[in-house]
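# Analysis of the macromolecular model
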Amino acid sequence: MTLACISCRVALSYQQLYLSPFACGSGPNALHWAASSVTLNCRQQSTLAGGHNSEASSSESRSTWAKNKAEKEKRLREKISTIKAKTAAQETTTEDEKKQWKQKETFLYDLPTLPGEKKDTSMPLPQSYSPHYVEACWYSWWQKQGFFKPEWHSKQPHAKVQFFSLCIPPPNVTGSLHLGHALTVAIEDALTRWKRMQGCKVLWVPGCDHAGIATQAVVERKLLKERGLLRHELGREEFLQEVWRWKDEKGDEIYQQLKRLGASLDWDRACFTMDHGFSDAVTEAFVRLYDAGLIYRSRQLVNWSCALKSTISDIEVESQSLSGRTYLSVPGYEEKLPFGEMITFAYRVQDSGEEVDVATTRPETMVGDVAVAVHPDDQRYTHLHNKMLEHPFTGRLMPVLPEASVDKDLGTGAVKVTPAHDYADYEIGLKHKLPVMSVIGEDGTMTVESIPWLKGLKRFHARKKVIDALKEKGLFRGSKDHSMVLPLCSRSGDVIEPLMKSQWFVNCQLMAEKAMEAVDTQHLQLLPKFYEKKWRNWLSQISDWCISRQLWWGHQIPAYKVSFPGSEDIEKSDSGSLWIVGRTQAEARSRAAETLKRREEELTLHRDPDVLDTWFSSGLFPFAMLGWPKETADLKDFYPNSILETGSDLIFFWVARMVMLGQQLTGQLPFSQVYFHSMVRDAHGRKMSKSLGNVIDPLDVISGITLQRLHEKLQEGNLDPQEMLIAQEGQKKDFPMGIPECGTDALRFALCSFSSQGEDIKLDIGAVLSTRHFCNKVWNAMKFTLAALGEDFVPQPVEMLCLDSAIDRWICSRLHHAVSVCNHGFQHYNFHAVTKAVHSFWLHSLCDVYLECVKPVLQSGYVTRVRTTQQVLYSCIETALHLLSPFMPYLTEELWQRLPRRTGETAPSICVARFPSTEELVSWHCPEEEVNFQLVQDVVHVVRSLRADYQLTKAHPKLYISCSQESTCHILELYHDPLQVLSRSRSVRIFMSGEDVPNNCAVGIVNDQCQVYMALEGQLDFQKELCKLQSRLQKLEEQLAAAVYRTQVTGYDERVPAAVQQEHSKKILALQTEVEKIKLVISHMQQMVKNAT
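All residue numbers refer to positions counted from 1 along the written sequence of the respective chain. At least 70 in pLDDT is required for a residue's local features to be given in this predicted model, at least 80 for side-chain atom pairs to be given and counted, and no such filter applies to totals for whole chains, interfaces and linings, which use all residues. Only heavy atoms go into the side-chain values, all of them from the structure, while hydrogens and water stay out.

We now examine the overall build of the protein. Looking only at helices and strands, the protein features 38 helices and 33 strands. When the 1093 residues of the protein are sorted by exposure, 52% land in the buried category. For this analysis, residues touch if any pair of their heavy atoms sits within 4.5 Å. Once local pairs closer than 6 in sequence are excluded, the contacts in the protein between residues at least 24 apart make up 76%. In the form shown here, the protein has an accessible surface area of approximately 50,100 Å², with 50% of it arising from carbon and sulfur atoms. Secondary structure elements are defined from DSSP: runs of H or I of at least 4 residues count as helices, runs of E of at least 2 residues count as strands, and each element is numbered from the N terminus. Throughout, exposure labels follow a simple rule: accessible area from a 1.4 Å probe, protein chains only, divided by the maximum for the residue type, with under 20% read as buried, over 50% as exposed, and the rest as partly exposed. Exposure was quantified through the Shrake-Rupley algorithm and a 1.4 Å probe, taking into account, for residues, occlusion by the shown protein chains and nothing else.

Glancing now at the environment of Leu1029. Of note, Leu1029 is situated in helix 36 (residues 1022-1048). A relative accessible area of 3% means that Leu1029 is categorised as buried. For Leu1029, the residues in contact, after removing those within four places along its chain, are Asp949, Ile1078, Val1081, Ile1082 and Met1085.

What follows concerns helix 17 (residues 531-540). Of the positions making up helix 17, those classed as buried are Tyr531, Glu532, Trp535 and Leu539. Summarising the axial view, the buried residues of helix 17 lie within an arc of 105°, below the 170-degree limit, and thus occupy one face. Elements in contact with the buried residues of helix 17: helix 16 (509-520), strand 19 (525-527), helix 23 (651-666) and strand 27 (673-677). The arc in question is the one traced by the directions running from the helix axis out to the C-beta atoms.

Glancing now at the sheet that holds strand 6 (residues 310-312). Two strands qualify as a pair provided DSSP detects at least 2 bridges between them. Ordered in space as 6-5-18-20, the four strands form an open sheet in which the pairing is antiparallel. A single partner strand is all that each edge strand has here, and the edge strands are strand 6 and strand 20 (545-546).

We call Phe, Tyr and Trp rings a pair once their centres come within 6.5 Å, taking the six-membered ring for Trp, and we label the pair stacked below 30 degrees between planes, edge-to-face above 60, and tilted otherwise. For the coordinates displayed, the defined rule picks out 41 aromatic pairs. Judged by centre distance (6.1 Å) and plane angle (65°), the rings of Tyr129 and Trp779 are edge-to-face. Of this pair, Tyr129 sits in the loop between helix 5 (69-99) and helix 6 (131-135) while Trp779 sits in helix 28 (residues 765-789), and the two are 650 residues apart along the sequence. Across the pair, Trp779 and Tyr129 agree in class, each one buried. With centroids separated by 5.3 Å and ring planes inclined at 35°, the aromatic side chains of Trp615 and Phe653 adopt a geometry described as tilted. You can see Trp615 sitting in helix 20 (residues 614-618) and its partner Phe653 sitting in helix 23, a full 38 residues away along the chain. The class of Trp615 is buried, set by a relative accessible area of 15%. Three or more aromatic residues joined by ring pairs form one cluster here, namely Trp194, Tyr675, Phe749, Phe774, Phe826, Tyr829, Phe831, Phe887 and Phe915.

Okay, the pattern of salt bridges next. By definition here, a salt bridge exists when the distance from a side-chain nitrogen of Lys or Arg to a carboxyl oxygen of Asp or Glu is within 4 Å. Across all of its chains, the model carries 61 salt bridges by this definition. Its salt-bridge partner being Glu712, residue Arg709 comes within 3.4 Å of it at the nearest N-O pair. Note that Arg709 and Glu712 are positioned in helix 25 (residues 707-715) at a spacing of three residues, about one turn of the helix. Given the relative accessible area of 32%, Glu712 is considered partly exposed. Several salt bridges converge on common partners, so that one network encompasses Lys149, Glu151, Asp266, Asp268, Arg269 and Asp634.

When you line up the elements, Thr744 lands in helix 27 (residues 744-754). Excluding residues that lie within four positions of it along the chain, Thr744 makes contacts with Glu135, Arg260, Leu261, Gly262, Ile702 and Tyr890.

With 16 residues, helix 13 (residues 276-291) should cover 22 Å at 1.5 Å per step; its first-to-last C-alpha distance of 23 Å lies within 8% of that length. Taken as a whole, helix 13 has its buried residues at Phe278, Ser279, Ala281, Val282, Thr283, Glu284, Ala285, Phe286, Val287 and Leu289. Residue Gly293 follows helix 13 closely and has a positive phi angle near 80°. Take the residue count of a helix, subtract one, and multiply by 1.5 Å to get its expected span.

Right, let's talk about the packing of helix 29 (residues 806-827) against helix 31 (residues 863-884) for a bit. Only the stretch in contact is used when a helix axis is fitted, and all axes are lines through C-alpha atoms; the angle between N-to-C directions ranges over 0 to 180 degrees. Packing of helix 29 against helix 31 leaves a shortest axis separation of 11 Å and a crossing angle of 15°. Judged by the angle between their axes, helix 29 and helix 31 are roughly parallel. Along this stretch, helix 29 crosses helix 31, giving a crossing that reads as left-handed. Facing helix 29, whose interface residues are Ile807, Asp808, Ile811, Cys812, Leu815, Ala818, Val819 and Cys822, helix 31 presents Arg865, Thr868, Val872, Ser875, Cys876, Thr879, Ala880 and Leu883. By residue class, the composition of the contact of helix 29 with helix 31 is eleven nonpolar, three polar and two charged. Under this scheme an angle from 65 to 115 degrees is roughly perpendicular, one under 35 degrees roughly parallel, and one over 145 degrees roughly antiparallel; angles in between are oblique. A clockwise turn of the near helix away from the far one marks a right-handed crossing, whereas an anticlockwise turn of less than a right angle marks a left-handed crossing. Side-chain classes follow a simple rule in which Ala, Val, Leu, Ile, Met, Phe, Trp, Tyr, Cys and Pro form the nonpolar group, Asp, Glu, Lys and Arg form the charged group, and the remainder, Gly included, forms the polar group.

To count as a disulfide, a pair of cysteine sulfur atoms needs to be within 2.5 Å. Summed over all chains, the structure comprises zero disulfides. Here Cys271 stays free of any disulfide, with the sulfur of Cys167 as its closest cysteine sulfur at 9.3 Å.

With that settled, the discussion passes to the confidence of the model for the protein. Detailed conclusions should not be drawn from predicted coordinates in areas where pLDDT is low. A residue's pLDDT is simply how confident the predictor is in it, with values from 0 to 100. Per-chain confidence: the protein averages 87 in pLDDT, with 89% of residues scoring 70 or above. Contacts for the low-pLDDT stretch residues 1-67, under 50 throughout, to residues beyond four places or in other chains number 82 contacts. Low pLDDT, under 50, characterises residues 79-98; the predicted model gives this stretch twelve contacts beyond four residues in sequence or across chains.

What follows covers the pairing of strand 2 (residues 201-205). Strand 2 sits mainly inside the fold: four of its five residues count as buried. Sheet topology note: the strand 1 (residues 163-167)/strand 2 ladder contains five bridges and is parallel. Across the sheet, Cys167 pairs through a bridge with Val205, a residue of strand 2. Seen with the strands pointing away from the viewer, any crossover whose path from the first strand over the helix to the second strand runs clockwise is right-handed. Crossover handedness for the path strand 1 to helix 8 (residues 179-198) to strand 2: right-handed.

Turning our attention to unusual backbone geometry. Geometrically, the link from Leu527 to Pro528 is a cis peptide bond, its omega value of -5° lying close to zero. Cis geometry marks the peptide bond from Tyr639 to Pro640; its omega dihedral reads 0°. With respect to the element layout, Pro640 can be found in the loop between helix 22 (633-638) and strand 26 (644-647). Positive phi, close to 55°, is recorded for Asp351, a residue that is not glycine. Looking at the element boundaries, Asp351 is found in the loop between strand 10 (341-349) and strand 11 (355-360). Given a relative accessible area of 75%, Asp351 falls into the exposed group.

The subject of this paragraph is the sheet that holds strand 27. Taking strand neighbours across the sheet as the criterion, the three strands line up as 19-27-26 in an open arrangement whose pairing is parallel. With partners counted over all chains shown, the strands left at the sheet margins are strand 19 and strand 26, one partner each. Between one strand and the next, the sheet's axes are offset by a mean angle of 20°, whatever the strand orientation. Two elements, strand 26 and strand 27, share four bridges in a ladder whose sense is parallel. If you follow Leu644 over to strand 27, its bridge partner there is Val674. The sheet contacts of helix 23 involve strand 26 and strand 27, and relative to strand 26 the element is tilted by about 160°.

This brings us to the packing of helix 16 against helix 23. Closest axis-to-axis distance for the helix 16/helix 23 pair is 9 Å, and the angle between their directions is 100°. Judged by the angle between their axes, helix 16 and helix 23 are roughly perpendicular. Each of Met511, Ala512, Lys514, Ala515 and Ala518 in helix 16 lies in contact with helix 23, whose residues at this interface are Val659, Met660, Gln663 and Gln664. For the contact of helix 16 with helix 23, the residue count by class is six nonpolar, two polar and one charged.

Generally speaking, a soluble globular protein has its nonpolar side chains buried in company with each other. By size, the foremost hydrophobic cluster in this structure holds 181 residues, and its most contacted members are Trp842, Leu881, Ile961 and Leu972. In terms of residues, this core owes the most to one element, helix 30 (residues 831-858), which gives 13 residues. Aside from chain neighbours lying at most four places away, what touches Leu972 is Leu935, Val936, Val939, Ile961, Cys963, Leu979, Ile990 and Cys1010. Here, nonpolar core means buried Ala, Val, Leu, Ile, Met, Phe, Trp, Tyr and Cys residues that are tied together by side-chain atoms lying within 4.5 Å of each other. If you look at the next biggest cluster of nonpolar residues, it comprises 64 residues, including Ile315, Met516, Trp628 and Ala656.

So, on to the side chain of Asp425. Position of Asp425 among the secondary structure elements: in helix 14 (residues 423-432). No salt bridge forms around the buried Asp425; measuring N to O, its nearest opposite-charge neighbour Lys416 is 5.5 Å away. For Asp425, the contacting residues outside a window of four places in its chain are Val415, Lys416, Val417, Thr418 and Pro419. Only four residue types enter the tally: Lys and Arg on the positive side, Asp and Glu on the negative side; His and the chain ends are excluded.

Here the focus is the environment of Ile1082. Positionally, Ile1082 belongs in helix 38 (residues 1058-1092). Note on Ile1082: relative accessible area 7%, which makes it buried. Taking C-alpha positions, Ile1082 is 9.2 Å from Leu1033, a pair spaced 49 residues apart along the chain. With sequence-adjacent residues up to four places away left out, Ile1082 is seen in contact with Leu1026, Leu1029, Gln1030 and Leu1033.

In structure tokens, the structure reads:
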């Protein structure tokens, strides 16, 4: 390829990548600009490379351009089109190559082992790490042995009187694992295993939420599909039996998935929110809150989902911002419906020719209007205050009310008032004692008796009917786009309909104040701390919590409506006075008799058919799971919980409610710390969505999955065809070869390594695959260690370890440092720091350095030195496995079981062995050795850089090191053998400055006290290498010139994003550095050739 062609390709790539918004338009100017950019780049590169011919070439080019402009533009268009296609193909190939992976060999554990039996580890380790092999059998053995139960604490020699407890955020019984669950398990299990290994009495309780709305919907669909029945045709009791049958068949799947992730939960204490004991706790909580005056019944405006035919709470309402007319899908409607329109129509003033124009986004509710409100100071309407308007369809008279809450600059300044279907209107209605007229029913159809042409119509179909009727009467004044916020049900996607309903509410004000005070006084710590502001803002504006749900599946409200002879008159005057709350019907009857001064046999009780909001029962989880309201041993030992760990999306749904209910019902905070983990996004930073095809099932990462199967799983969902196409394209782009088998340990470790506090996690499968490669490194390190130790090796106690050599002292000090970082990181929930420290020790200290350095020692035959090295190697491997165990329980168990035991070591499993502490390893702390060895690593780095510069990848040249200070010489002499091994030198000679250095050496400067000289004579053909270097220099200079040119194109500073400019500048700097290095090497080599001749 010619230089000009190369430059054309480079220039076009730049134009495509950076300037497409303003250069790649559809018009001829954009194409002309693109063609010009290519031509200019060709000229500049020709000038750089062509010497004295460049001027003539440029002149000829300009002449050709002038004579054949039209023809050349045509050719350039064709060339650009061709290059675009090639470049796009190359870029795609490059991206796909990055995502390609080689299928690893799978090894299977096929020895007969019954569930709960210990795995046979007497066989040699397979050739390489295989998750299938490693993860087999261990979990059922751990569970059967009781390692996950707090009772095991008494068997630990290092047990201490310290309790640690937490509950897993209970997943829905209908659910399956997603990456949020996987992150929760990875973090919580790491914490739990660390605490257990420290000797604490640990309880981690698994739980599952009955998920009222979701579960009922699943069973209703199943019932309709299989038997053609609706739940009302079946009846409540029989329907609930169907739900329990479904739960018994399918409800255990989420537990099996949690086990697959290695979660060390106490399954004997598993807690389902509809279990008998938990239901008793829910009833007790309701009664106590009612008796304390915190639960009350009231007829109020509530958030109603017509699709669910149920109330939902404020925080289950999602607000969707619309910038103007937007078509949305709404449950129950086949067609998409328009929202974001402001409709204006007129009301006529009674006995006058005047009209008042009102603007609304909900014209269908105008049939329930009872007034029009205007601002008192709005001069347009002051003469109409308290005048009456005529309703065009009913003839109803409605007052014009002065109301200070009206925004006179919005719409027409006149606001229709519909108290039954709008929260702001409801407040106006209360203030002015207006009637409340409901015109929309629970099913979302119109209920207006006086307007037969509307009755029974769906509310959004009625909207069009009302507008058409207004047009017929000459009252329609127009419509326009209107930015607005549309309230949607987060459960169903339905548009929320405010309805007047008699429901049960929790008065949250006092409880919210206590919850805020707990954070203000730091009795409750929210981590990261920036969530404190969000906590205060929400709780300071909290509204009462509607806890009634019109469902059958859930905790039926323990409230009874009482009737007796003459009760109808009382009900008319005060509907709330005839409701009684009780733990049982007998208790409610007794309470009713006492309250109403009636004999029990006179009373008839009807239980409220509604159930409680699922979040009400979930809010009791930290203490109900331990047996509350009974005074159980678990409640005494493990309440309050030590910590709550969860996603930040649950801060108000769950966390705030647990804090409020816990303080109110138990007198204590349910936990003293809350750690909010990050949100998991895809590799591009996008929220995971089925419609984008970027949702990742953690089980697919663990076991691997083909692209074809990924597509099939999409088809098993309910995406529409267009979304399906987009999702499949997304999968092809992100997972061109599917997802490789990474294993549980790799997924857990990778998720925790991403978990920087407060930052979203951009999960790249490549990072998980890289962690699997790290597992293989650990695997190979163990294979090396077992071979080095031999069959008769007996490990010594740590305190007897003899650290005679500098490299032994260094590796032990590095391990001491890793232990310190791990314990500190766990203590402060900095899982990123812990995983980084463990990874760095295994990979960079142990595998890359120490194992390489001790290979010659182990092969030396020097018995004393070999035995010392074996002891150090064993101690490092064994301790490092303990550090890794909380994150990689399967791998570490598999390897630890194959190590010999120290005398007195009784732990049957690494998961209940002692976690390392710096106090036990204080003799290993040698900071001066770590400082000294840094000099050695600096020398090695310089030598490796020289080897790369001179292309000496396989050679073992002699190395000379000149030092200006004796201390530097002394340090390097202490590490002479490791230095020779790591630098891959034939020999190493260390001397003081001033001594002669052999000719033909490459020189590298380590620091102002140390220089290295690498002998080149006999290692390479200077003339041949010079040709290679000059060719390489030419290519680098071409790349540099092209890169610099990109920054000189008109519009670069204004149109190229700052982040892209920064990356491009880094690339230019790297190229400039590389060019200078190559020039120095060429100059040095030319001098050596000259000296040789």
